[in-house]
Amino acid sequence: MYDLEKVVSEIERKNPGQKEFLQACREVIESVLPVINDNPLYIKNKILERITEPDRIIEFRVCWEDDNGEIQVNRGWRVQFNNAIGPYKGGLRFHPSVTLDTLKFLGFEQTFKNSLTTLPMGGGKGGSDFSPKGKSDSEILRFCKAFMSELANYIGPNTDVPAGDIGVGGREIGYLYGQYLRMKRENTGVLTGKLHGFGGSLVRPEATGYGAMYFAEEVLKQAGESIVGKRISVSGFGNVAWGAVKKATELGAKVVTISGPDGYVLDEDGINTDEKINYMLYLRSSNQDIVEPYAKKFGAKFFKGKKPWEVPVDMAFCCAIQNELNAEDVKTLNKNGCRFLIETSNMGCTADAVAEVKKTSMIFAPGKAVNAGGVAVSGLEMSQNSAHIYWRAEEVDERLKHIMKSIHSQCVKEGTLEDGSIDYIAGANIAGFKKVADAMVAQGY
Ligand code: 2IT
């Protein structure tokens, strides 16, 4: 029999100082420990010890020349976490906050998320401490070439298929893929999130945000409600927030906030026209990491240095970065009548925030279920690439909807409590875990 605190302190001893990885491990283990303690095969096969240890970590130096001719040195990683159910799959993050700790937590989460999608994908994550902020297009190109020159040795369409994440969008994926093609001369589609003209799936750019809304619709349906007329706050302004705002508006909800490191925008009229929604794409491609220009352009309010959680809403979607929403924010949301907290970024809520939500009647949906639509459509991109075909947008969107519904059903199946309410955290963790654990048992050590 495993004891939670003993297990967690052993992981802490093995991974000193890796707070985010430990936070992610604790959350999953809390949910799955009863399942493990109940299954002699999981215990005998040391599944818990094995599943919290990445298969391997690749760390490399990335040297590139800036526009002044000066050599810059960054660090790059690929964490190949678990390939029991399919090739390693997960994004690349370029952000100054990236450390090995960050990528281990993301790779760990990705393993269970990918399992939930129903598609055959293992878990991986990579990236660099490179900051795209203020960089010119040629600097981004030179960095991407240097990064891929090293990474290309470790990836392949049946071994490891990276994609985008924070700081890595269509442009960066294009540059990375171009370098891979120059080196390997293999059009196998080894990265997902490519532009449509060279193998990218339609709906991939929208997929994470759309998927989050499809999942939220299921949560609402389960609670006997509808998304129509709901007032929503969103944090972030990047790819995920963009897709979420677009779909929420289309489904009849009203999104009133977006945010950046500079503060948040409150648009009481709703971020609801093509011009407003597409302006988010402009903000992102400008590489400045700010949202204030939106307020100036559309006559909305801007709150410098603040987070959007103080705005009264029915539903809150955190779409920016890990640990962006804390216990105080949950208290404020709850006090102001918010009833649904939909974690859309990876581990967007601190452990204290999650504990706080549990004290309220708010319904909480965890990131690894909510945001799985992005990697799911990446999986669909892999299928299209290996079959050398393209699917129509409607077909991809239909499959995405189906996958999000299936993730919701898995959460209900594994997370329904005695009183009939649903613990979405337990549901997602247990469902995601079981498939990977069973594969590991079947494959031996
Ligand atoms: O966190 C995520 O799931 C992603 N960044 C997307 C990964 C992917 O392979 O599409």
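Residues numbered from 1 in each chain as written. Predicted model: local features only at pLDDT ≥ 70, side-chain atom pairs only at ≥ 80, totals over all residues. Heavy atoms only, no water.

1. Let's talk about the sheet that holds strand β3 (residues 88-94)
- Judged by pairing direction, the sheet is mixed, and its five strands sit side by side in the order β1-β2-β4-β3-β5 without closing on themselves. Unpaired on one side and paired on the other, β1 (56-65) and β5 (160-163) mark the two borders of the sheet. Strand-to-strand twist across the sheet, computed as the mean angle between neighbouring axes with direction ignored, equals 20°.
- Two strands pair when backbone bridges link them, and β1 and strand β2 (residues 71-82) are joined in this way by ten bridges, in the antiparallel orientation. If you follow C63 over to β2, its bridge partner there is V73.
- Each of β1, β2, β3 and β4 (122-128) is contacted by helix α5 (residues 100-116), which is oriented at about 150° to β4, the strand it contacts most. (Pairing = 2+ DSSP bridges. Helix = DSSP H or I, 4+ residues; strand = E, 2+ residues; numbered from the N terminus. Axes fitted to C-alpha atoms, helices over the stretch in contact; angles between N-to-C directions. Contact = heavy atoms within 4.5 Å.)

2. Side note on α5
- For α5, with 17 residues, the first-to-last C-alpha span of 25 Å sits near the 24 Å given by 1.5 Å per residue.
- Of all 17 residues that make up α5, 16 are buried, and the element is covered over most of its length.
- Just beyond α5, the residue with positive phi is T118, at close to 80°. (Expected span 1.5 Å × (residues − 1). Buried < 20%, exposed > 50% of the residue type's maximum accessible area, 1.4 Å probe, protein only.)

3. Things to note about the side chain of S378
- By the element assignment, S378 lies in helix α15 (residues 372-387).
- Accessibility expressed as a relative area gives 1% for S378, which makes it buried.
- Of the polar contacts made by the side chain of S378, one reaches the side chain of T192; its length is 2.7 Å.
- Leaving out residues up to four positions away in the same chain, S378 has contacts with K89, A163, T192 and R204. (Polar contact = N/O pair within 3.5 Å; in protein donor to acceptor, adjacent residues only side chain to side chain.)

4. Some details on the pattern of salt bridges
- Evaluation of the coordinates by the stated rule reveals 29 salt bridges.
- A salt bridge links E381 to K194, with the nearest nitrogen and oxygen atoms 2.8 Å apart. Of this pair, E381 sits in helix α15 while K194 is found in the loop between α7 (170-184) and α8 (204-222), placing the two residues 187 residues apart along the sequence. Of the two residues, E381 and K194, both sit in the buried class.
- The network of salt bridges with common partners includes E27, E109 and K368. (Salt bridge = Lys/Arg side-chain N within 4 Å of Asp/Glu carboxyl O.)

5. Description of the site of the ligand
- Around the ligand there are 14 residues in total, and K89, K113, D165, R204 and S378 lie nearest to it.
- The separation between an oxygen atom of the ligand and a polar side-chain atom of K113 is 2.7 Å.
- Within the side chain of D165, an N or O atom sits 2.8 Å from a nitrogen atom of the ligand.
- Protein contacts shield 93% of the accessible area of the ligand, which totals 300 Å² for the unbound molecule.
- Listing elements by their share of the shell around the ligand, those giving two or more residues are β3, α5 and α15. (Near = heavy atom within 4 Å. Areas by Shrake-Rupley, 256 points an atom, 1.4 Å probe, with all protein chains shown as cover.)

6. Details of the state of the cysteines
- For the structure shown, the criterion picks out zero disulfides.
- Looking at the unpaired C144, the closest cysteine sulfur is the one in C63, lying at 15 Å.
- Its relative accessible area of 0% is what places C144 among the buried residues.
- Free cysteine C319: the closest other cysteine sulfur is in C318, separated by 6.8 Å.
- On the basis of relative accessible area, C319 is assigned to the buried category, the value being 7%. (Disulfide = S-S within 2.5 Å.)

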